[in-house]
Amino acid sequence: MDSISRPMVEFLKVCVLAKKNIVIAGGPGTGKTTILNMLSGFIPNDERIVTVEDTAELRMQQEHVVRLESRPANIEGQGSVTIRDLVKNSLRMRPDRIVVGECRGGEALDMLQAMNTGHDGSLTTIHANSPRDAFTRLETLCLMAGMDLPVWALREQIRSAVHIVVQLSRLQDGSRKVTCITEVTGRTEDTIQTQDLFQFVQESVDGEGKVLGHYETAGHTPTFIRDLKAKGLTLDASLFEKR
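Residues numbered from 1 in each chain as written. Predicted model: local features only at pLDDT ≥ 70, side-chain atom pairs only at ≥ 80, totals over all residues. Heavy atoms only, no water.

A. Seen up close, the pattern of salt bridges. Across all of its chains, the model carries 8 salt bridges by this definition. Notably, a salt bridge pairs Glu 102 with Arg 104, separated by 2.9 Å at the nearest N-O pair. Residue Arg 155 is joined to Glu 139 by a salt bridge in which the shortest nitrogen-to-oxygen separation is 2.9 Å. Within this pair, whereas Arg 155 is found in helix H6 (residues 151–161), its partner Glu 139 is found in helix H5 (residues 131–143), the two being separated by 16 residues in sequence. (Salt bridge = Lys/Arg side-chain N within 4 Å of Asp/Glu carboxyl O. Helix = DSSP H or I, 4+ residues; strand = E, 2+ residues; numbered from the N terminus.)

Rendered as structure tokens:
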């Protein structure tokens, strides 16, 4: 459906195999869960996956999958099981990867801590209109956890936990596209530093209202490309030459 280019898929596949933590960002109806399902298909079959969702939408094809689903309170206001409860309990289930269907509350802090404590290769989605907005939203969600953490500590958590942000957008003609793939490279005192690797450039709109454009590389090479060889993976550096 021309929602993503082949080089972008090749890059994301290597990121999943290299156990990079990936956040899929976008507005409602942009295809976040669809992309999450696609990326989960690259997870090796011998890994143990724990999924955490409000409603079961993920379609894991692997053998070792533990599915956790939240539960609302009963009529007496008791018996609820929140996403945050499930994320905390998933850490006791010896997961190789944790996949959270969507971060929308204080569970974002637990998810970041899990990413920072050896659960590499985790995947989640978040509502945001740009990679920069995704970091701001993550900070806001972490504050909803009720922990009195300074902003610099939250940003350091995000910087060390999140490796890749995949940005999705729904364009004016209704088409859904991966509009940007961004890598987190570091943090200054005030901001999280990033670099764009791939992006969709809109050129025009034809007579029928269809958006015309192309995918291009931003000319930046991922900072972790040299580390892939130690994991038995290869990624052609020419993939990132600006063209």
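Following the structure, the description resumes.
B. The arrangement of unusual backbone geometry in detail. Unusually for a residue other than glycine, Lys 19 sits at a positive phi of about 60°. Positionally, Lys 19 belongs in the loop between helix H1 (6–17) and strand S1 (22–26). The partly exposed category is assigned to Lys 19, whose relative accessible area is 27%. Phi angles above zero are rare outside glycine, and Arg 94 is one such case at about 50°. (Buried < 20%, exposed > 50% of the residue type's maximum accessible area, 1.4 Å probe, protein only.)

C. Quick look at the pairing of strand S6 (residues 164–170). Most of S6 sits inside the fold, with 6 of its 7 residues counted as buried. The sheet contact formed by S1 and S6 spans 4 bridges and is parallel. Following the sheet pairing, Ile 24 is matched in S6 by Val 166. Pairing of S6 with strand S7 (residues 176–187) involves 7 bridges; the strand directions are antiparallel. Among the inter-strand pairings, Ile 164 is bridged to a residue of S7, identified as Glu 183. Where S6 folds back onto S7 in an antiparallel hairpin, the turn is made up of 5 residues, including Gly 174, whose phi is positive at roughly 90°. (Pairing = 2+ DSSP bridges.)

D. Quick peek at the sheet that holds strand S4 (residues 97–100). The strand order across the open sheet built from 9 strands is S3-S2-S4-S5-S1-S6-S7-S8-S9, with neighbouring strands paired in mixed fashion. Each edge of the open sheet is held by one strand with a lone partner, namely strand S3 (65–69) and strand S9 (211–217). Strand-to-strand, the axes of this sheet are offset by a mean angle of 25°, without reference to chain direction. By the bridge criterion, 5 bridges tie strand S2 (residues 49–53) to S3 in an arrangement that is parallel. Its bridge partner lying in S3, Val 52 is registered against Leu 68. (Axes fitted to C-alpha atoms, helices over the stretch in contact; angles between N-to-C directions.)

E. Structural view of the packing of aromatic side chains. Inspection of every chain in the model, using the stated rule, returns 5 aromatic pairs. An angle of 50° between the planes, with centres 5.8 Å apart, marks the rings of Phe 11 and Phe 198 as tilted. With Phe 11 in helix H1 and Phe 198 in strand S8 (residues 192–205), the pair connects residues that are 187 residues apart, well separated along the chain. For the pair shown, Phe 11 and Phe 198 are each scored as buried. (Phe/Tyr/Trp six-rings, centres within 6.5 Å; stacked < 30°, edge-to-face > 60°.)

F. How the structure looks around H6. Residues of H6 that are buried: Ala 153, Leu 154, Arg 155, Ile 158 and Ala 161. Where the residues of H6 are buried, they touch helix H4 (107–116), H5, S7 and S8. (Contact = heavy atoms within 4.5 Å.)

G. Here's a closer look at the state of the cysteines. Here the structure, examined in full by the defined rule, presents 0 disulfides. Here Cys 103 is not cross-linked by a disulfide; its sulfur's nearest cysteine counterpart is in Cys 142, at 8.3 Å. A relative accessible area of 2% means that Cys 103 is categorised as buried. (Disulfide = S-S within 2.5 Å.)

H. Spotlight on the side chain of Thr 182. For Thr 182, the location among the structural elements is in strand S7. Only 2.9 Å separates the side chain of Thr 182 from the side chain of Asp 196, close enough to count as a polar contact. Setting aside residues up to four positions removed in sequence, Thr 182 forms contacts with Pro 131, His 163, Ile 164, Val 165, Thr 194, Gln 195 and Asp 196. (Polar contact = N/O pair within 3.5 Å; in protein donor to acceptor, adjacent residues only side chain to side chain.)

I. Structural context of the packing of H4 against H6. Remark: H4 packs on H6, axes separated minimally by 9 Å, with the N-to-C direction vectors making an angle of 50°. As summarised for this structure, H4 and H6 are arranged oblique, according to the angle between their axes. The crossing of H4 and H6 is left-handed. Contacts from Leu 109, Leu 112, Gln 113, Met 115 and Asn 116 of H4 reach H6 at Leu 154, Gln 157, Ile 158, Ser 160 and Ala 161. Partitioning the contact of H4 with H6 into residue classes produces 6 nonpolar, 4 polar and no charged. (Parallel < 35°, antiparallel > 145°, perpendicular 65-115°, else oblique. Left-handed = near helix turned anticlockwise from the far one by under 90°. Nonpolar A, V, L, I, M, F, W, Y, C, P; charged D, E, K, R; others polar.)

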